[in-house]
Amino acid sequence: EDQVTQSPEALRLQEGESSSLNCSYTVSGLRGLFWYRQDPGKGPEFLFTLYSAGEEKEKERLKATLTKKESFLHITAPKPEDSATYLCAVQAGQTGANNLFFGTGTRLTVIP
Amino acid sequence: NAGVMQNPRHLVRRRGQEARLRCSPMKGHSHVYWYRQLPEEGLKFMVYLQKENIIDESGMPKERFSAEFPKEGPSILRIQQVVRGDSAAYFCASSPQGSGNTIYFGEGSWLTVV
């Protein structure tokens, strides 16, 4: 059975204190791993898609990496506006099965 | 370029009533997905549709829930005879044709059953 586990569940950082969020997965036939950001009362906002082990993508203070078993979302020198829940999701299985399987997220709080 | 549009954003229904949630995908997107987010839980896949076709409904409850994506107009998620356990945020998402494409989400419809 496909599984996506995110850790930690919650993370509090001081402004400027870099850290990493983890997403470990067990799926049959990974076709893509997605990172989203979700603010309270809003829909998930797309951040990155990673397709193969060794791939990395960056956007401002965020950098996502992928191995065969997990993905990391590195946050460098975070600011209070980076506070949100970060969701990891996988797209797996046979071609045409486009739906995403989500983890429960990491709730990040950045303190000024 | 408008994103995925959902309405209503908030909906209150009494037990036993019907709820209809609407979703217009992003321009150029032909695939629509519905997800449900229960309080303190993750996003759960419900159904995947293309125009006039249900591709995958493996996440839909067997009773009371239905979805459609007609040739013209928005996709509709319909919940009949709502119960308190249906209270949740319902998110619509869309993607262009083809697997592996990014799926973009709307802002959600919050259903409260009283």
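Because the structure is a prediction, the values reported are computed rather than measured.

**Thoughts on the overall build of chain B**
Here is step 1 of the chain: Broken down by element type, chain B carries zero helices and 11 strands.
Here is step 2 of the chain: Mapped in sequence order, the helices and strands of chain B form the string β-β-β-β-β-β-β-β-β-β-β.
Here is step 3 of the chain: Its C-alpha radius of gyration of 13 Å places chain B within 12% of the 13 Å reference for a compact globule of 114 residues.
Here is step 4 of the chain: In terms of overall dimensions, chain B has a C-alpha envelope of 40 × 25 × 25 Å along the principal axes.
Here is step 5 of the chain: Going through the 114 residues of chain B one by one, you find that 44% of them count as buried.
Here is step 6 of the chain: Within chain B, counting contacts between residues at least 6 apart in sequence, those at least 24 apart form 51% of the total.

**As for the pattern of salt bridges**
Here is step 1 of the chain: For the structure shown, the criterion picks out seven salt bridges over all chains.
Here is step 2 of the chain: Measuring nitrogen to oxygen at the nearest pair gives 3.1 Å for the salt bridge that ties Arg37 of chain A to Asp39 of chain A.
Here is step 3 of the chain: When salt bridges with common partners are traced through the structure, they connect Glu18, Arg20 and Arg78 of chain B into a single cluster.

**Points about the interface of chain B and chain A**
Here is step 1 of the chain: Each partner contributes residues to the interface: chain B has 23 residues there, and chain A has 21 residues.
Here is step 2 of the chain: Around 1600 Å² of area is buried between chain B and chain A when both sides are counted, 53% of it from carbon and sulfur atoms.
Here is step 3 of the chain: Between the two partners, chain B and chain A, sit zero salt bridges.
Here is step 4 of the chain: Linking chain B with chain A are six residue pairs in polar contact (both at pLDDT 80 or more), by the criterion used here.
Here is step 5 of the chain: Elements with a minimum of two residues in the side of chain B that touches chain A: strand 4 (31–37), strand 5 (43–50), strand 6 (53–56) and strand 10 (104–105) of chain B.
Here is step 6 of the chain: Among the elements that take part in the side of chain B that touches chain A, strand 4 of chain B stands out by supplying four residues, more than any other.
Here is step 7 of the chain: Its residues assigned to classes, the side of chain B that touches chain A shows 11 nonpolar, nine polar and three charged.

**Looking at the packing of aromatic side chains**
Here is step 1 of the chain: Counted according to the given criterion, the structure contains 11 aromatic pairs over all chains.
Here is step 2 of the chain: Taking 5.8 Å as the distance between ring centres and 65 degrees as the angle between the ring planes, the aromatic pair formed by Phe46 of chain A and Tyr104 of chain B counts as edge-to-face. Placement of Phe46 of chain A in strand 5 (residues 45–50) and of Tyr104 of chain B in strand 10 is noted, with the two residues assigned to different chains.
Here is step 3 of the chain: On the accessibility criterion, Phe46 of chain A (22% relative accessible area) is partly exposed.
Here is step 4 of the chain: Aromatic side chains Tyr35 of chain B and Phe45 of chain B sit 5.8 Å apart centroid to centroid with 70 degrees between the ring planes, which places their arrangement in the edge-to-face category. Of this pair, Tyr35 of chain B sits in strand 4 while Phe45 of chain B sits in strand 5; the two residues are 10 residues apart in sequence, bridging distant segments of the chain.

**Things to note about the nonpolar core**
Residue and element names in this part refer to chain B.
Here is step 1 of the chain: Trp34, Met46, Leu77 and Tyr90 are the most contacted members of the largest nonpolar core, which has 23 residues in total.
Here is step 2 of the chain: Breaking this core down by element, the ones donating at least two residues are strand 3 (19–24), strand 4, strand 5, strand 7 (65–68), strand 8 (75–79), strand 9 (88–95) and strand 11 (109–113).
Here is step 3 of the chain: If sequence neighbours within four positions are ignored, Leu77 has contacts with Ala19, Arg20, Leu21, Trp34, Met46, Met60, Ser66, Ala67 and Tyr90.

Parameters and conventions
Residues numbered from 1 in each chain as written. Chains lettered and ligands numbered in written order. Predicted model: local features only at pLDDT ≥ 70, side-chain atom pairs only at ≥ 80, totals over all residues. Heavy atoms only, no water. Helix = DSSP H or I, 4+ residues; strand = E, 2+ residues; numbered from the N terminus. Rg over C-alpha atoms; globule rule 2.2 N^0.38 Å. Buried < 20%, exposed > 50% of the residue type's maximum accessible area, 1.4 Å probe, protein only. Contact = heavy atoms within 4.5 Å. Salt bridge = Lys/Arg side-chain N within 4 Å of Asp/Glu carboxyl O. Buried area = accessible area lost by both parts, 1.4 Å probe. Polar contact = N/O pair within 3.5 Å; in protein donor to acceptor, adjacent residues only side chain to side chain. Nonpolar A, V, L, I, M, F, W, Y, C, P; charged D, E, K, R; others polar. Phe/Tyr/Trp six-rings, centres within 6.5 Å; stacked < 30°, edge-to-face > 60°. Core = buried A, V, L, I, M, F, W, Y, C linked by side-chain atoms within 4.5 Å.

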